[in-house]
Amino acid sequence: WAIGQLAEDAATRVLTVATGALPLLVQLLRASTETGKSHAAWAIGQLAKDAASRALIIASSALPPLVELLRSGSEKGKGKTAFVMAELAKDVATCALIIAAGALPPLVELLRAGTENGKSHAAWAIGQLAEDAATRVLTVATGALPLLVQLLRASTETGKSHAAW
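Residues numbered from 1 in each chain as written. Predicted model: local features only at pLDDT ≥ 70, side-chain atom pairs only at ≥ 80, totals over all residues. Heavy atoms only, no water.

A. Here's a closer look at the overall build of the protein. Across its full length, the protein carries 13 helices and zero strands. Seen in sequence order, the protein has helices and strands lined up from the N terminus as α-α-α-α-α-α-α-α-α-α-α-α-α. For the protein, the C-alpha radius of gyration of 15 Å lies close to 15 Å, the compact-globule estimate for 165 residues. Each of the three principal axes of the protein carries a C-alpha extent, and together these read 45 × 30 × 25 Å. For the protein, buried positions account for 51% of its 165 residues. (Helix = DSSP H or I, 4+ residues; strand = E, 2+ residues; numbered from the N terminus. Rg over C-alpha atoms; globule rule 2.2 N^0.38 Å. Buried < 20%, exposed > 50% of the residue type's maximum accessible area, 1.4 Å probe, protein only.)

If you want it as structure tokens, here you go:
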């Protein structure tokens, strides 16, 4: 929790990665309690706000445990992991890696059956991934479009905004 809070600041994000926190956070994703995994995901999402950190997160093999958390974690963990995917997908080149890691089906499932927060973050992640033309076709094929429209009808203002974007 503390590292995630500190990573709110851009200079601290760079320093956090430089001090070696990232591999430890990825290790926590792989072997911790559900709460520990959720907090590690959130901290990684905060670090992913920095473009240089995004590349290091991908290089650190964080995608497989993140996708696993998205598939089978707690509802809170799934929502936080969708937030991470949205941050990572800010780099279009990373979108193909996220898709190849298998993130799209659990993101769509989160849209279907997640908490309001999870649905909102899933919509944001899917929107970021849709910057890539190939991903748009896959997104429609997975059934995301009707779920996004449903989110427009009956969600929080943030959820509606993420669905529209």
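The rest of the description comes next.
B. Representation of helix 3 (residues 21–30) in the model. Within helix 3, burial applies to Ala 21, Leu 22, Leu 25, Val 26 and Leu 29. Summarising the axial view, the buried residues of helix 3 lie within an arc of 135°, below the 170-degree limit, and thus occupy one face. Pointing more than 90 degrees away from the buried face of helix 3 are the exposed residues Pro 23 and Leu 24. Against helix 1 (2–6), helix 2 (10–18), helix 4 (34–47), helix 5 (51–59) and helix 6 (63–72) lie the buried residues of helix 3. (Arc of directions from axis to C-beta. Contact = heavy atoms within 4.5 Å.)

C. Representation of helix 8 (residues 92–100) within the structure. Along helix 8, the residues that are buried comprise Thr 94, Cys 95, Ile 98 and Ile 99. With its buried residues spanning 145° around the axis, helix 8 presents them on a single face. Seen from the buried face of helix 8, the exposed residues on the opposite side, beyond 90 degrees, are Ala 93 and Ala 100. In this structure, the buried side of helix 8 is in contact with helix 5, helix 6, helix 7 (75–88), helix 9 (104–113), helix 10 (116–129) and helix 11 (133–141). One or two residues past the end of helix 8 sits Gly 102, with phi positive at roughly 95°.

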